[in-house]
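Chain residues, written in single-letter form:
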Amino acid sequence: MGAGPAAVRDALLAETVAHARGRSPFWRARLEGTGAADPVEAFRRLEPLTKREAIAAGDALQAGGFDRADDRIVLSSGTRREGGGCLYVRRQPAEEEALATFLDGLRGAGTAEAPGPPAVVELWNVWHGLPPGAPPAGTFRVPWMPHDNFFELARAAFEDAARFGGGRIDAVRGSVSALLALAASAARRGDAPLSRYGVRAVGTNSYEATGRSRRLIAAAFGDVPIIDSYSLSEFTTPAPKCEACAGRHFAYPPLLPELFEPEIGAAPGGAGGPGGPGGPGGGPRPVEWRPGAVGRLVLTGLVPFVQRTPLLRYDTGDLVAATGDCAAADDLGFRVLGRAVDAVAVAIDGRARLVLFPADLEHAVDDQPHAARAAHLLERLGVLEGCDLGPPKVVARAEPAAGGEAAARIVVEVAAVPHATDVERRTLAGTLRQALLARSEPLRGFVDGGGALEVRAVDAGAIPDRLFKR
Ligand SMILES: [Zn+2]
């Protein structure tokens, strides 16, 4: 990606391929199946590894030669609903040390003198497996769980961190859902305001915070900067949002990102997928990483940052759009468009094209005041009554052209809150339609070309709740 140090990258890539081939039975077979002896050439012939394949590979995926007793196991929540179970990624202390040294180097860059360890509260996601190692000095870790205890433990951690930081907390890090739960708890339970801890910045991970989420978090912590990071449980390195270009960058070298052609099933209007000869085995083809290109994000973890569970050309299942060359990062970045499986495709000029991305839908609907929300886990468990934190209930699909229509039709159904009047339901549908068109250039192109976009407000019961992403 970008004009980075290609020689260094190829050297690390060659080392990574040799490591995987030499130590993992799964990768030995898969790499030998490419027919290339040269490690970098063998890598370039690899087809992306799907989550399903990674789960099916089981222990054969692991690299041998490590002490199993030292393994830390990370569970990928994104794979939880896949057939055959969940993906377990094993990590060894050597990997964590390599990454910690690298990240410390990044943080230290530009600072003349180390100011001492920062005061940090980390809301650690228990869904992802065993606890990580002991936190560094100044970091106060709280397990995030949908239970009353979480709020008590979090308060204690905030008190401790503020004391450590001399009345200030440098950063609070956690998933959007954990941060929203804290914000809601302060408002609903009559807890003391979170702004009293003097938090300087909030870092979010897992998925991108919508405008509404950012407002709720900022209101709770006292209008602090919120830094979004894209991350996967399968890899430890996050891609924070860049202030210079509004894209995201993975700090190189722990991860090598690539783009692959999105696989599109049969699209209404008569066209199938992008077609063409495909990759070496007829699979998806790589897409050049240039501004505006859209594709599936495929990641490779490089040694020494990934060792125990080598993941080469791992298909994240996320669609991204490459953003422009960023002077600040000296690299191209990307914007996250959401899960590929949830994107909507239609046929335009005989070719299937993606025109509505889940991220655009999610951001547009989350700002609508009369959109009904799924019951959040905290509500289901009776921990926070009426916390209003579940995702909005909305579905989108493409339908074939009806008689007399030239192009396909996209139907978006959004659930209205039960007390909404007819006028409010019409306003909800109308505002959402405008917001979608304002956000999405491909959708505008579809409508300008004669395609129909119909947004309907429906009853909340018409759309089922969804707890996990696909
Ligand atoms: Zn940038």
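Computed from a prediction, not measured in an experiment: that's the story for all the values here.

### A look at the coordination of the zinc ion
Here is step 1: Donor atoms from the polypeptide that coordinate the zinc ion comprise Cys242 (SG), Cys245 (SG), His249 (NE2) and Cys326 (SG), at 2.2 to 2.4 Å from the metal.
Here is step 2: One can describe the donor arrangement at the zinc ion as tetrahedral, given that its four donor atoms subtend angles of 97 to 114° at the metal.
Here is step 3: On the primary sequence, the residues serving as donors to the zinc ion are separated as C-x2-C-x3-H-x76-C. Of this pair, cysteine 242 sits in the loop between β8 (239-240) and β9 (255-260) while cysteine 326 sits in strand β12 (residues 314-326), placing them 84 residues apart in sequence. One exposure class covers both cysteine 242 and cysteine 326, and it is buried.

### Observations regarding the nonpolar core
Here is step 1: Counting 42 residues, the largest nonpolar core has Trp27 and Phe334 as its most contacted members.
Here is step 2: Within the residue set of this core, elements represented by two or more residues are α1 (6-23), α2 (25-32), α3 (39-45), α4 (51-57), β9, β11 (294-301), β12 and β13 (331-339).
Here is step 3: The greatest single-element share of this core, amounting to four residues, is contributed by α1.
Here is step 4: Once residues within four sequence positions are removed from consideration, tryptophan 27 is found in contact with Ala20, Glu32, Leu46, Leu49, Leu61, Pro310, Leu311 and Leu312.
Here is step 5: In this structure, Leu180, Val199, Val224 and Ile226 belong to the second largest nonpolar core, which totals 38 residues.

### Structural notes on unusual backbone geometry
Here is step 1: In this chain, valine 303 is followed by proline 304 through a cis amide linkage whose omega measures 5°.
Here is step 2: In this fold, proline 304 is placed in the loop between β11 and β12.
Here is step 3: Even without a glycine there, the phi angle at aspartate 388 is positive, about 60°.
Here is step 4: Mapped onto the fold, aspartate 388 is located in the loop between α10 (377-380) and β16 (394-399).
Here is step 5: Taking the relative accessible area as the measure of exposure, aspartate 388 reaches 39% and is therefore partly exposed.

### Some points on the pairing of strand β15 (residues 351-356)
Working note: regular strand, side chains alternate between the two faces of the sheet.
Here is step 1: As paired elements, strand β14 (residues 344-348) and β15 share five bridges and run antiparallel to each other. The residue of β15 that forms the bridge with alanine 345 is leucine 354.

### Considerations on the environment of aspartate 228
Here is step 1: Mapped onto the elements of the fold, aspartate 228 is located in strand β7 (residues 226-230).
Here is step 2: Aspartate 228 gets classed as buried once you look at its relative accessible area, which sits at 2%.
Here is step 3: Excluding its chain neighbours within four sequence positions, the residues that come into contact with aspartate 228 are Thr204, Tyr207, Glu208, Ala209, Arg214, Ala239, Pro240, Lys241 and Arg248.
Here is step 4: A distance of 3.3 Å separates the side chain of aspartate 228 from the backbone nitrogen of alanine 209, its partner in a polar contact.
Here is step 5: Reaching out from aspartate 228, the side chain makes a polar contact with the side chain of arginine 214 at a distance of 2.9 Å.

### Some points on the packing of aromatic side chains
Here is step 1: Scanning the entire structure with this criterion turns up twelve aromatic pairs.
Here is step 2: Here the aromatic rings of phenylalanine 102 and phenylalanine 305 are separated by 5.7 Å at their centres, their planes lie at 65°, and the arrangement is edge-to-face. Residue phenylalanine 102 is found in helix α5 (residues 93-108), and its partner phenylalanine 305 is found in the loop between β11 and β12; the two are separated by 203 residues along the sequence. Like phenylalanine 305, phenylalanine 102 is buried.
Here is step 3: Measuring from ring centre to ring centre gives 6.2 Å for tyrosine 230 and phenylalanine 250, while their planes differ by 70°; the resulting arrangement is edge-to-face.

### What to know about helix α11 (residues 422-439)
Here is step 1: Helix length check: α11, at 18 residues, gives a terminal C-alpha distance of 26 Å against a target of 26 Å (1.5 Å per residue), a fit within 8%.
Here is step 2: Taken residue by residue, α11 has Leu428, Ala429, Leu432, Leu436 and Leu437 as its buried positions. For α11, the angular spread of buried residues about the axis comes to 155°, placing them on one side. In this structure, α11 carries Val423, Arg426 and Ala438 as exposed residues pointing more than 90 degrees from its buried face.
Here is step 3: Of the surrounding secondary structure, the elements contacted by the buried residues of α11 are β15, α9 (358-366), β17 (409-416), α12 (441-448) and β18 (452-459).

### Brief notes about the sheet that holds β18
Here is step 1: Spatial ordering of the open sheet is given by β16-β17-β18, a layout of three strands whose pairing is mixed. Whereas interior strands pair on both sides, the edge strands pair on one side only; in this sheet they are β16 and β18. Adjacent strand axes in the sheet meet at a mean angle of 20° when their direction is disregarded.
Here is step 2: Looking at chain direction, β17 and β18 are connected through eight bridges and run parallel. Its bridge partner being in β18, valine 414 is matched across the sheet by alanine 457.
Here is step 3: Strands β17 and β18 of the sheet are contacted by α11, whose axis makes an angle of about 140° with β18.

So, how was this worked out
- Every chain is numbered on its own, with residues counted from 1 as its sequence reads.
- Note on the predicted model: pLDDT of at least 70 is required for a residue's local features to be given, and 80 or more for side-chain atom pairs to be given and counted; whole-chain, interface and lining totals, by contrast, use all residues.
- As a rule here, side-chain values cover all heavy atoms of the structure and leave hydrogens and water aside.
- The donor definition counts N, O and S atoms within 2.8 Å of each metal and applies 3.2 Å to Na, K and Ca; water is not among these atoms, so some sites may look incomplete.
- When four donors show all angles between 85 and 135 degrees the site is tetrahedral, when four or six donors have opposite pairs over 155 degrees and all other angles between 65 and 115 it is square planar or octahedral respectively, and in every other case it is irregular.
- The helix and strand labels rest on DSSP assignments: H or I over at least four residues marks a helix, E over at least two residues marks a strand, and numbering proceeds from the N terminus.
- Using a 1.4 Å probe on the protein chains alone, a residue whose accessible area is under 20% of its type maximum counts as buried, one over 50% counts as exposed, and one in between counts as partly exposed.
- In plain words, nonpolar cores are sets of buried Ala, Val, Leu, Ile, Met, Phe, Trp, Tyr and Cys residues tied together by side-chain atoms within 4.5 Å.
- Whether two residues are in contact is decided by their heavy atoms: any pair within 4.5 Å suffices.
- Note on pairing: two strands pair once DSSP finds at least 2 bridges between them.
- As used in this structure description, the phrase polar contact means that two N or O atoms lie within 3.5 Å; if the pair is within protein, one of them must be able to donate a hydrogen and the other to accept it, and residues adjacent in sequence are counted only when both atoms belong to side chains.
- Pairing of aromatic side chains requires ring centres within 6.5 Å, counting the rings of Phe and Tyr and the six-membered ring of Trp. Pairs whose planes differ by under 30 degrees are stacked, by over 60 edge-to-face, and all others tilted.
- One less than the number of residues in a helix, times 1.5 Å, gives the span that helix is expected to have.
- Throughout, the arc means the angular range of directions from the helix axis out to the C-beta atoms.
- With axes taken as lines fitted to C-alpha atoms, and helix axes fitted only over the stretch in contact, angles between N-to-C directions fall between 0 and 180 degrees.

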